[in-house]
Structures are given as C-alpha cells and as structure tokens.
Amino acid sequence: MDATLRPYDLGSTQWYVLWHLTNFGPTVQRDLGRALELERATLSGIVTTLVRKNLIDQSSSGEDQRQRLLTLTTAGETLWRELPDLSFIHETAFGGVDEVDLATTIRVLQSATERLQNFLRKE
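This section reports on the structure supplied with the text.

About the cut-offs
- Residues numbered from 1 in each chain as written.
- Predicted model: local features only at pLDDT ≥ 70, side-chain atom pairs only at ≥ 80, totals over all residues.
- Heavy atoms only, no water.
- Helix = DSSP H or I, 4+ residues; strand = E, 2+ residues; numbered from the N terminus.
- Buried < 20%, exposed > 50% of the residue type's maximum accessible area, 1.4 Å probe, protein only.
- Areas by Shrake-Rupley, 256 points an atom, 1.4 Å probe, with all protein chains shown as cover.
- Patch = residues over 30% accessible without salt bridge, like charges linked within 9 Å, V, L, I, M, F, W, Y side chains within 5 Å.
- Salt bridge = Lys/Arg side-chain N within 4 Å of Asp/Glu carboxyl O.
- Polar contact = N/O pair within 3.5 Å; in protein donor to acceptor, adjacent residues only side chain to side chain.
- Contact = heavy atoms within 4.5 Å.

**Details of the overall build of the protein**
Then comes step 1: Of regular secondary structure, the protein possesses seven helices and three strands.
Then comes step 2: Ordered by position from N to C terminus, the α and β elements of the protein give α-α-β-α-α-β-β-α-α-α.
Then comes step 3: Taking all 123 residues of the protein together, 27% fall into the buried category.
Then comes step 4: When the accessible surface of the protein is totalled, it reaches about 8600 Å², and 51% of it is carbon and sulfur.

**With respect to a nonpolar patch on the surface**
Then comes step 1: A surface patch of nonpolar side chains, about 230 Å² in accessible area, is lined by M1, F88 and I89.
Then comes step 2: When you line up the elements, I89 lands in helix α6 (residues 87-94).
Then comes step 3: Since its relative accessible area comes to 30%, I89 is described here as partly exposed.

**Some words on the pattern of salt bridges**
Then comes step 1: A complete count under the given rule lists three salt bridges for this structure.
Then comes step 2: The shortest N-O distance in the salt bridge between K53 and D9 comes to 3.5 Å. One end of the pair, K53, is in the loop between α4 (40-52) and β2 (56-60); the other, D9, is in the loop between α1 (2-5) and α2 (12-24), with 44 residues separating them in the sequence.
Then comes step 3: Judged by relative accessible area, K53 falls into the partly exposed class, the value being 22%.
Then comes step 4: Between R34 and D31 there is a salt bridge whose closest N-O contact spans 3.7 Å.

**Considerations on the side chain of T27**
Then comes step 1: Its place among the elements puts T27 in strand β1 (residues 27-28).
Then comes step 2: One polar contact links the side chain of T27 to the main-chain carbonyl oxygen of G25, over a distance of 2.8 Å.
Then comes step 3: Once residues lying within four places of it in the same chain are set aside, the contact partners of T27 are H20, L21, L32, R68, L69 and L70.

Read these as spatial facts, not as claims about activity.
As structure tokens, then:
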C-alpha cells in the first residue's frame, strides 16, 4: 500500500484519514481518532501534515470551539479522485479464502483487539 501511495506523497494512515473524510464527510477530529482507532498524538501529527499539504482543512467546530472539524479541501478531493484503486490489496491477501474462514478470522481478531484495548484502559 505504501509503495502504491508513495508517488502521491501519502502514507497509508494519511490515506485512511482521506478515505474516512471522503466517505463520511466532515468529522470532528476526536471522533475521527476513535473511528480510526488512532492515538490523539498520532492523529494530530497526521492532521498537521495533511493541513500543510492543503488536503484537509481544520476549523473550530460550531458546537464546541475546542473541537476541530476536519474537512476535505478541493485539492484533497482532486487528489482522492486521482489515487489508484487499492482493492487489489484485499484481493491479493484474501482472494480465494473461504468466506466462513474469513468471517471467523475477523471475529477472532476483533475480539482480541477489544480485549487488548480493555486491558490497556485498566493500566
């Protein structure tokens, strides 16, 4: 994924932020961090980079001035339309895998991730 995005000067996590804003529209930064399961400091650095590249805009949320609303810019929308389709990654990794096996794998990994997150919250 990173090799495919490199010519566009994007990393995979930057792509994921753009994907979310493209598919779900303007999003409060805190909510985006939760949706993408990114730590606040990590997301902050990514947002700063995308703002500097003029791909997203960061403004005060109307309801809470402390919250930052993230919106795709015109340049971000243009870049998104130029990016290659990355569905080949899914097909390469999971093509030919039985759907039942794949569903089981997803369920097990989601459960393991949730248990680890709960463990970390207790510390």
